[in-house]
Amino acid sequence: MSKAHTMLLSRRALIASSLLLASFAVLAAPKLARKPAAQVLPRYGMLVFSDLCISPENGEFGGQRITLQRFAEVDTVLYEYTAGGLSWPVVASEVVIDPRGRQFYFTVQPPDEEERTIRGALSDDGKTLVLDGSYCNDPKVPMKLARVSDFGRAAGTCRVCPAPKNPPPAEAEPAQPQPQPSLPPQPLQKIEAGRTTASL
């Protein structure tokens, strides 16, 4: 056997053993499992989100409160809102929470009102619920309900809605008829035999 042939065989053996060792290392290494997406809402328990406040003008409540209860069998929502005073809790007829626990919606029908659906999404840390809609009818300012952790805390003071930047134009008053200036009397004209003369 020639020296070159021997060197070629030894080189191939070295490559094969290196590949074999690398495959064993891959098999022996612990598998890195992918972390599932973090659940923002816990699967069980009770969470309260609220922006209840007290008006500085008349001392009445303002805002709303959402109490989410998560059981093994079903999720329920108690919804409270203000219209001069705090309403009785309204039990939602339908509650839907996405599997990641990042957003949910529910349907309620307050007394003497039409049924409505309220939708919200949670912040990444789960401490704020942002509802569809706007604060003070300003689409740039969303309605945010903070997660309540201190149930003995007194309600804060409501923010006063700022005055609209572009107030609606005042209704134009109907134009009053202007008196026409009186003209001096003009002499009457007579037409006689094809010619015009002014009578005095």
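For clarity, every value in this text was computed on a predicted model and none was experimentally measured.

**What about the pattern of salt bridges?**
Part 1: For the structure on display, the rule yields 6 salt bridges.
Part 2: Here aspartate 98 makes a salt bridge to arginine 100, at a shortest N to O gap of 3.3 Å.
Part 3: Exposure remark for aspartate 98: the relative accessible area of 18% places this residue in the buried category.
Part 4: Arginine 116 is the partner of glutamate 113 in a salt bridge, and the nearest nitrogen-oxygen pair spans 2.7 Å.
Part 5: Put simply, Arg43, Arg70 and Asp75 are held in one network by salt bridges that share partners.

**A few points about the pairing of strand β4 (residues 64–70)**
Part 1: Among the 7 residues of β4, 6 are classified as buried, and the element is accordingly described as predominantly covered.
Part 2: Two elements, strand β1 (residues 45–50) and β4, share 6 bridges in a ladder whose sense is antiparallel. Its bridge partner being in β4, phenylalanine 49 is matched across the sheet by isoleucine 66.
Part 3: Summarising the sheet, β4 and strand β5 (residues 75–81) pair through 7 bridges and their orientation is antiparallel. Across the sheet, residue arginine 70 finds its bridge partner in β5, namely aspartate 75.
Part 4: Between the end of β4 and the start of β5, which pair antiparallel, lie 4 residues.

**A few points about the sheet that holds strand β10 (residues 128–131)**
Part 1: Spatial strand order, β6-β5-β4-β1-β11-β10-β9-β8-β7: 9 strands in an open sheet with antiparallel pairing. Of all the strands in the sheet, the pair left with one neighbour each is β6 (90–91) and β7 (94–97).
Part 2: Where β1 lies against strand β11 (residues 143–147), 2 bridges are found, and the strand directions are antiparallel. The residue bridging serine 50 from the neighbouring strand is alanine 146, located in β11.

**A few points about the nonpolar core**
Looking at soluble globular proteins, one finds that nonpolar side chains tend to be buried together.
Part 1: If you look at the biggest cluster of nonpolar residues, it comprises 20 residues, and the most contacted ones within it are Leu41, Ile66, Phe106 and Leu129.
Part 2: Secondary structure elements with two or more residues in this core: β1, β4, β5, β8 (103–108), β9 (116–122) and β10.
Part 3: Not counting residues up to four positions away in its chain, the partners in contact with isoleucine 66 are Leu47, Val48, Phe49, Val77, Leu78, Tyr79, Phe106, Leu129, Leu131 and Leu145.

**A few points about the environment of aspartate 98**
Part 1: Within the secondary structure layout, aspartate 98 lies in the loop between β7 and β8.
Part 2: For the pair aspartate 98 and leucine 41, spaced 57 residues apart in sequence, the C-alpha separation works out to 9.9 Å.

**Concerning unusual backbone geometry**
Part 1: Its identity is not glycine, yet aspartate 112 carries a phi of approximately 60°, on the positive side.
Part 2: Within the fold, aspartate 112 resides in the loop between β8 and β9.

**Here's the deal with the sheet that holds strand β12 (residues 156–157)**
Part 1: Spatially, β3-β2-β12 is the arrangement adopted by the 3 strands of the open sheet, whose pairing is mixed. In this open sheet, the two strands that pair with only one neighbour each are β3 (61–62) and β12.
Part 2: In the sheet, strand β2 (residues 53–54) pairs with β3 via 2 bridges, with the strands oriented antiparallel. For isoleucine 54, the partnering residue across the bridge sits in β3 and is phenylalanine 61.

**Structural notes on the confidence of the model for the chain**
Part 1: For the chain, the mean per-residue pLDDT works out to 76, and 62% of the residues sit at or above 70.
Part 2: Low pLDDT, under 50, characterises residues 188–200; the stretch is placed with 10 contacts to residues that sit more than four places away or in other chains.

**A closer look at the state of the cysteines**
Part 1: Applying the stated criterion across every chain, the model contains 1 disulfide.
Part 2: Disulfide partner of cysteine 53: cysteine 158, at an S-S distance of 2.0 Å. Residues cysteine 53 and cysteine 158 are joined through a disulfide that is right-handed, its torsion about the S-S bond being 95°. Highlighted residues: cysteine 53 in strand β2 and cysteine 158 in the loop between β12 and β13 (189–192), separated in sequence by 105 residues.

**Here we look at the environment of asparagine 58**
Part 1: You can see asparagine 58 is positioned in the loop between β2 and β3.
Part 2: For asparagine 58, a relative accessible area of 48% translates into the label partly exposed.
Part 3: Measuring from C-alpha to C-alpha, the distance between asparagine 58 and glycine 84 comes to 9.4 Å, with 26 residues separating the pair along the chain.
Part 4: Here serine 55 takes part through its side chain, which lies 3.2 Å from a polar atom of the side chain of asparagine 58.

What counts, and where the lines are drawn
Per chain, the residues get numbers from 1 upward, laid out in the order the sequence is written. This being a predicted model, a pLDDT of at least 70 is required before a residue's local features are given, and a value of 80 or more before pairs of side-chain atoms are given or counted; all residues contribute to the totals for chains, interfaces and linings. Just so you know, side-chain values use all the structure's heavy atoms and leave hydrogens and water out. The salt bridge definition used is simple: a Lys or Arg side-chain nitrogen within 4 Å of an Asp or Glu carboxyl oxygen. For each residue, the accessible area found with a 1.4 Å probe, counting protein chains only, is set against the maximum for its type, and the residue is called buried under 20%, exposed over 50%, and partly exposed in between. The way it works is that DSSP assigns letters per residue, a run of H or I at least four long becomes a helix, a run of E at least two long becomes a strand, and they are numbered from the N terminus. We call two strands paired when DSSP finds no fewer than two bridges between them. Grouping buried Ala, Val, Leu, Ile, Met, Phe, Trp, Tyr and Cys residues that are joined through side-chain atoms within 4.5 Å yields what is termed a nonpolar core. Only heavy atoms matter for contacts: two residues are in contact if any of them lie within 4.5 Å across the pair. pLDDT: the predictor's confidence for each residue, scored from 0 to 100. Note on terminology: disulfide denotes any pair of cysteine sulfur atoms within 2.5 Å. We call two N or O atoms a polar contact when they sit within 3.5 Å, provided that within protein one can donate a hydrogen and the other can accept it, with sequence-adjacent residues counted only if both atoms are side-chain atoms.

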